[in-house]
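Architecture at a glance
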Amino acid sequence: MFSRAYRIAITVPPLAWVTIFLLVPYLLMFCFSFWSVSSTQTILRSWTLQNYKQLFMKDVYWETLLRSMWIAARVMMFSLALGYPLAYFLSFYAGKRKDLLYQMVIIPLWVSYLVRAYAWKTILGSDGVLNTLLQYAHLTQHPLDFLLYSPFAVVLTLTHIYTPFAFLPIYAALEHIPRNLVEASNDLGASPRQTFWRVIFPLSIPGVVAGATFAFVLSLGDFLAPLLLGGPSGIMISNIVVTLFGAAYNWPLGAAISLCMLVLVVSLLFLSEKLEKKWSFS
Amino acid sequence: MASTTVSPGSGLNSGPANARPFLAIRHIAKKFGKNLVLRDISLDVAEGEFLTILGESGSGKTTLLRIVAGFENADSGELSMNGERLDQLPPYKRKVNTVFQNYALFPHLTVEENVGYGLRVANVAEAEVGSRVQQALERVRMTAHAKAKPGKISGGQQQRVALARALVNRPQLLLLDEPLSALDANLRRQMQVELKSLQREVGIAFVFVTHDQEEAMVMSDRIALLRMGELEQVATPREIYQRPATAYTAQFIGHTNLLSGDVRGGRAHCHSLNWGVNLADGPAQFSVRPEHVRVVAPTASPAEGRVRFRGKVQHRAFHGATELVRVLTADGLIFSLRTTGAEGRDELDCEFSASDAVRVRESASRG
């Protein structure tokens, strides 16, 4: 159907792109994770499992990974708790204002991540908007210092940033539910509450799974929010990777951690796809 | 035109419509934006009656059904069923069930769970749900597919499940929104028969919406013909066919020849044709069904009360049992006739009985 030249012209550039910018770096990362660093800070290209051993033996890596997952899990739950009702309201009850409200959910995505993270710094700091307000209202005597440089700040910021990502697939799933199913449910005597739990929610599960995956995976790998707002107690696994590749100059260990993360994330994506498939009926 | 309010027991209707009104639709009007979809609809449905709301797309027939089901609110008017007001209730509190156009089966539930849905939300005991679902599935011969998801069964089977799902709740009234339109012609004819016998079996009133006049004729006890948001005529299939009230009805239900002319001194004149009528003077329209026009031998002179004309054959359409022939008379009248004996002739002598020329009213122009 298409000429040979045409087929080459459209397949080679993307393949080359994927090879150069994805496959090769992953391969390099894979290799690095089995190499080591000498005392003179040079990379020794001899194969060893030392990095993985270190990863499993040292508590700091484990604890940080678990903390990252706990932060990501909380972000996921809050994003769903905020995103689902919003998507439900927009899809079923917003009427004519639907498009406007939808845009309002999307617009924050146009603002740089960095700007939004800094904004929370201004709000949560000891001289920040929130503390000033609380003291002005005499609700507290001293600035609340758990607000900033804490896991709380990280969870709050990441929830703010990733809620639209949870919202979007849920909204799409809800929009796909034929409205005559809702009518059929009402017609068969189900109250609006019964209709929600028996028809709408089950049919929106693929969206919920996709949204949850977005929120969890994106927050798990985040490093800016913990860097800017996390403080020592809010460090996440990506910060460790960044340090290992930077100041600590231990690329092999950094690569080993990255690879573990990659395996974890890919497994999650795989699992979420399975779940989505199981719950989609079209 | 005033709204055609045909109340049962008016003597015009035969069959179940003479029983006491079961569903009473009173002066229902509905606007979507500036678009008046229904204007002042009044209609009664008798207990156990199969009533078809027939109309073209945009006639408001689905809207009327959705108002009865409770998915739309009428702007004005009242609905009552068994003497109780219906229009104040949300859909889930009405003892009415609907079979939707595209069935609207729940894709995440099995056939069995779909059918049991209404019983489960009503907290019917699980043992009873089981036996009633079983019964309903048997009735529509879907027991073999009880565990299948709706996506895995054919359109005709989905149709049956949708029926079972509605009937298992023992509604007092079943609404059907063009439920057969998605099926192919053969299956549709088969389902028409099944649906009609099912309705007799369960004995509840069916309100059936369709745009297909043939379907309406086959199944209904009465047909309510809706045109641009108003009822054109409500009558039995036989009556609506034989005695169409308006030109629109005559043309919409079956084929017809519409003759425009006027009445002068007890005779109807239409071009060169004329026949005796019992009507006041003035312009008038008549409908003559093609099967009432007969081909006759040229020699015989017309009997009393028969109208004779000669026409050139313009077009023939063979339908198997009969042939639909279109002829053009010398003074420009076009007639369709249904006949079995016009092969190979270019000119036909035809006649119809004056009593078969049914006076019809001009349909009011609305817009």
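Residues numbered from 1 in each chain as written. Chains lettered and ligands numbered in written order. Predicted model: local features only at pLDDT ≥ 70, side-chain atom pairs only at ≥ 80, totals over all residues.

**Notes on the overall build of chain A**
- The helix and strand inventory of chain A stands at 12 helices and 2 strands.
- Shown N-terminal to C-terminal, the secondary structure of chain A runs as helices and strands in the order α-β-β-α-α-α-α-α-α-α-α-α-α-α.
- In terms of overall size, chain A is more extended than a compact globule, its C-alpha atoms giving a radius of gyration of 23 Å where 282 residues would be expected to give roughly 19 Å.
- Projecting the C-alpha coordinates of chain A onto the three principal axes gives extents of approximately 75 × 75 × 35 Å. (Helix = DSSP H or I, 4+ residues; strand = E, 2+ residues; numbered from the N terminus. Rg over C-alpha atoms; globule rule 2.2 N^0.38 Å.)

**Description of the interface of chain B and chain A**
- Listed as interface residues are 19 residues of chain B and, on the opposing side, 16 residues of chain A.
- For the side of chain B that touches chain A, the secondary-structure elements that each account for two or more residues are β6 (96–99) and α2 (111–121) of chain B.
- Top element by residues in the side of chain B that touches chain A is α2(B). It accounts for 3 residues.
- Considered class by class, the residues forming the side of chain B that touches chain A number 11 nonpolar, 7 polar and 1 charged. (Contact = placed C-beta atoms within 7 Å. Nonpolar A, V, L, I, M, F, W, Y, C, P; charged D, E, K, R; others polar.)

**A short note on unusual backbone geometry**
- Not every positive phi belongs to a glycine, and Gln41(A) is a case in point at roughly 65°.
- Residue classification places Gln41(A) among the exposed residues on the basis of 8 C-beta atoms within 10 Å.
- Even without being a glycine, His271(B) presents a positive backbone phi close to 50°.
- Residue position: His271(B) is located in the loop between β12 (267–270) and β13 (273–276).
- Residue classification places His271(B) among the partly exposed positions, given that 14 C-beta atoms sit within 10 Å. (Buried ≥ 20, exposed ≤ 12 C-beta atoms within 10 Å, placed from the backbone.)

**Some thoughts on the sheet that holds strand β5 (residues 84–85) of chain B**
All names here are of chain B.
- Strand order in the open sheet formed by 4 strands is β2-β1-β4-β5, with antiparallel pairing between adjacent strands. Since the sheet does not close on itself, it has two edges, and those belong to β2 (35–46) and β5, each with one partner.
- Across 2 bridges, strand β4 (residues 76–81) lies against β5 in antiparallel orientation. Directly across from serine 80, in β5, lies its bridge partner arginine 85. (Pairing = 2+ DSSP bridges.)

**Description of the pairing of strand β3 (residues 50–55) of chain B**
All names here are of chain B.
- Across the 6 residues of β3, 6 count as buried, placing the element largely inside the fold.
- Burial of the side chains of β3 extends over both faces: Phe50, Thr52 and Leu54 are buried on one face and Leu51, Ile53 and Gly55 on the other.
- The pairing of β3 with strand β8 (residues 205–210) spans 5 bridges and is parallel. Across the sheet, residue isoleucine 53 finds its bridge partner in β8, namely valine 209.
- Pairing geometry for β3 and strand β9 (residues 222–227), over 5 bridges, is parallel. Looking at β9, one finds that isoleucine 53 is bridged to alanine 224.

**Considering the domain arrangement of chain B**
All names here are of chain B.
- Taken domain by domain, chain B holds domain 1 (15–250) and domain 2 (255–360).
- For domain 1 and domain 2, the distance between their C-alpha centres works out to 39 Å.
- Facing the 6 residues of domain 1 at the interface are 6 residues of domain 2.
- Here the side of domain 1 that touches domain 2 is composed, by residue class, of 4 nonpolar, 1 polar and 1 charged. (Domains from an automatic or database assignment.)

**Things to note about helix α11 (residues 237–245) of chain A**
All names here are of chain A.
- All of the buried residues in α11 are Ile237, Ser238, Ile240, Val241 and Leu244. On an axial view of α11, the arc spanned by its buried residues comes to 155°, and they lie on one face.
- Packed against the buried residues of α11 are α3 (59–93) and α12 (251–278). (Arc of directions from axis to C-beta.)

**Structural notes on the nonpolar core**
- With 99 residues, the main nonpolar core has Val68(B), Ala164(B), Leu175(B), Val207(B) and Ala224(B) as its most contacted residues.
- Lining this core are residues from two domains, each supplying at least three of them: domain 1 (15–250) and domain 2 (255–360) of chain B.
- Apart from residues lying up to four places away in sequence, Val207(B) is in contact with Val45(B), Leu51(B), Ile53(B), Leu65(B), Val68(B), Leu173(B) and Leu175(B).
- Counting residues in each nonpolar core, the second largest holds 53 residues, with Met76(A), Leu80(A), Ala87(A) and Ile240(A) among its members. (Core = buried A, V, L, I, M, F, W, Y, C linked by C-beta atoms within 7 Å.)

**Considering the packing of helix α2 (residues 50–57) of chain A against α12(A)**
Residues and elements named next belong to chain A.
- Direction vectors running N to C along α2 and α12 enclose 70°, while the axes themselves pass 9 Å from each other. Taken as axis vectors, α2 and α12 run roughly perpendicular relative to one another. You can see that α2 and α12 cross each other, and the crossing is right-handed. Of α12, the residues touching α2 (which contributes Asn51, Tyr52, Gln54 and Leu55) are Pro252, Leu253, Ala256, Ile257 and Cys260.
- Taken together, the residues of the contact of α2 with α12 sort by class into 7 nonpolar, 2 polar and no charged. (Axes fitted to C-alpha atoms, helices over the stretch in contact; angles between N-to-C directions. Parallel < 35°, antiparallel > 145°, perpendicular 65-115°, else oblique. Left-handed = near helix turned anticlockwise from the far one by under 90°.)

**Section: the pairing of strand β10 (residues 230–235) of chain B**
Residue and element names in this part refer to chain B.
- Counting buried residues along β10, 6 of its 6 residues qualify, which places the element largely inside the surrounding structure.
- Strand direction decides the pairing type here: β9 and β10, joined by 5 bridges, are antiparallel. Along β10, the bridge assignment pairs leucine 226 with leucine 231.
- The antiparallel hairpin formed by β9 and β10 contains 2 residues in its connecting segment, where methionine 228 sits at a positive phi of about 45°.

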